[in-house]
Amino acid sequence: MISKLRFNTVVGKKVLMAVTGLAMVLFLIGHLVGNLQLMWSGAQFNGYARFLTAQPVVILIELGLLGIFLIHVIDAVVLVQGNSAARPVPYHTKKWGRTKSKRSKKTWASTMMMWTGIAILLFVPFHVWHFKYHHPVASPAISGGHASDTVVGVGSTGVASASGAPAAEATDLALLVTNEFKNPLVSGIYILAMLLLGMHMYHALSSALTSLGANHPRYQNIIVWGGKIFTIVIAGGFLLIPALILSGVIDPSKTLASTQAASNQVAQMGVGK
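In this report, the structure presented in the accompanying data block is examined. (Residues numbered from 1 in each chain as written. Predicted model: local features only at pLDDT ≥ 70, side-chain atom pairs only at ≥ 80, totals over all residues. Heavy atoms only, no water.)

## Description of the side chain of S187
Along the chain, the position of S187 falls in helix 7 (residues 184-211). Under the relative-accessibility criterion, S187 is labelled buried at 0%. Other than its neighbours up to four places away in sequence, S187 contacts F181, P242 and L246. (Helix = DSSP H or I, 4+ residues; strand = E, 2+ residues; numbered from the N terminus. Buried < 20%, exposed > 50% of the residue type's maximum accessible area, 1.4 Å probe, protein only. Contact = heavy atoms within 4.5 Å.)

Next comes the structure, spelled out in structure tokens:
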């Protein structure tokens, strides 16, 4: 079936939308697993980030994700334009969500898909700029270098080696994230963005699986409810991080500071010998 599928048809475009969307969902799972380490330890989060930045293949993965994201966006625009062309005269009255009919499958999430998609499209570049290129926080120096277990190399000298060799210039990513999320405006933006992401995924997951043919009456309810639960877990997990940091329930910078203090003490003992 796939071999005979033509992506210049409406069905083909919907399948392409589903495949690219599910690919990005897989990325979100891995991204959330990595980010949740910040809730246990700032040093652990920095170690995870340092490991990723030391892998050359990460650049290829990032380019691949960018390509998938752009294809998804372009495909969405083409589908919206096709729908508009098919109905050049708009409805006289427009009802939202399930107010249209009791049997209607239309929900607030499906009605707002285009707008939540636009919001995500605006948020992604902001997110990448915000934590990758905005206000780097230098880690404390130790004997002319930096604590290898608390830094991520993002300086002009390159990336810290996987063996833990200190870099002359580095970014303390855990401290950066913590400081930013202590700002109510920043946390508010991220919390709102995750709510919109959840709203988008709420409809998108079941819609994507339906486009791929997983719409048998026997397990349709399982797919729908599984998608809803999965959406709550993913969006809720991302949302939880800024919410807990802003409320002061967790403070990764404190655990990071204690780790750095211990590293300083060990380094000073070594110098004393």
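## Examining the packing of helix 1 (residues 10-35) against helix 8 (residues 220-247)
A pair of packed helices is characterised by two quantities: the angle between their axes and the separation of those axes. Where helix 1 contacts helix 8, the axes come no closer than 10 Å and their chain directions differ by 40°. Overall, the two elements helix 1 and helix 8 adopt an arrangement that is oblique. For the pair helix 1 and helix 8, the crossing hand works out as left-handed. When helix 1 is examined against helix 8, the residues V25, L28, I29, H31, L32 and N35 are found in contact with a partner set consisting of F230, V233, I234, G237, F238 and I241. Across the contact of helix 1 with helix 8, the residue classes break down as nine nonpolar, three polar and no charged. (Axes fitted to C-alpha atoms, helices over the stretch in contact; angles between N-to-C directions. Parallel < 35°, antiparallel > 145°, perpendicular 65-115°, else oblique. Left-handed = near helix turned anticlockwise from the far one by under 90°. Nonpolar A, V, L, I, M, F, W, Y, C, P; charged D, E, K, R; others polar.)

## Brief notes about the nonpolar core
Core analysis: the largest hydrophobic core is formed by 27 residues, its most contacted members being L38, V177, F181 and M201. Listing elements by their share of this core, those giving two or more residues are helix 1, helix 2 (42-53), helix 5 (113-132), helix 6 (173-181), helix 7 and helix 8. When residues of this core are assigned to their parent elements, the largest contribution, seven residues, is made by helix 7. (Core = buried A, V, L, I, M, F, W, Y, C linked by side-chain atoms within 4.5 Å.)

## Examining the packing of aromatic side chains
In this description, an aromatic ring pair is defined by two values, namely the gap between the centres and the angle between the planes. A complete count under the given rule lists eight aromatic pairs for this structure. Plain terms: the ring middles of F123 and Y190 are 5.1 Å apart, the flat faces sit at 85° to each other, and that makes the pair edge-to-face. Here Y190 lies in helix 7 and F123 lies in helix 5, a separation of 67 residues in the sequence. Take F123 and Y190: they sit in the same class, and that class is buried. One aromatic cluster is present, formed by F123, F126, W129, F131, F181 and Y190 through successive ring pairs. (Phe/Tyr/Trp six-rings, centres within 6.5 Å; stacked < 30°, edge-to-face > 60°.)

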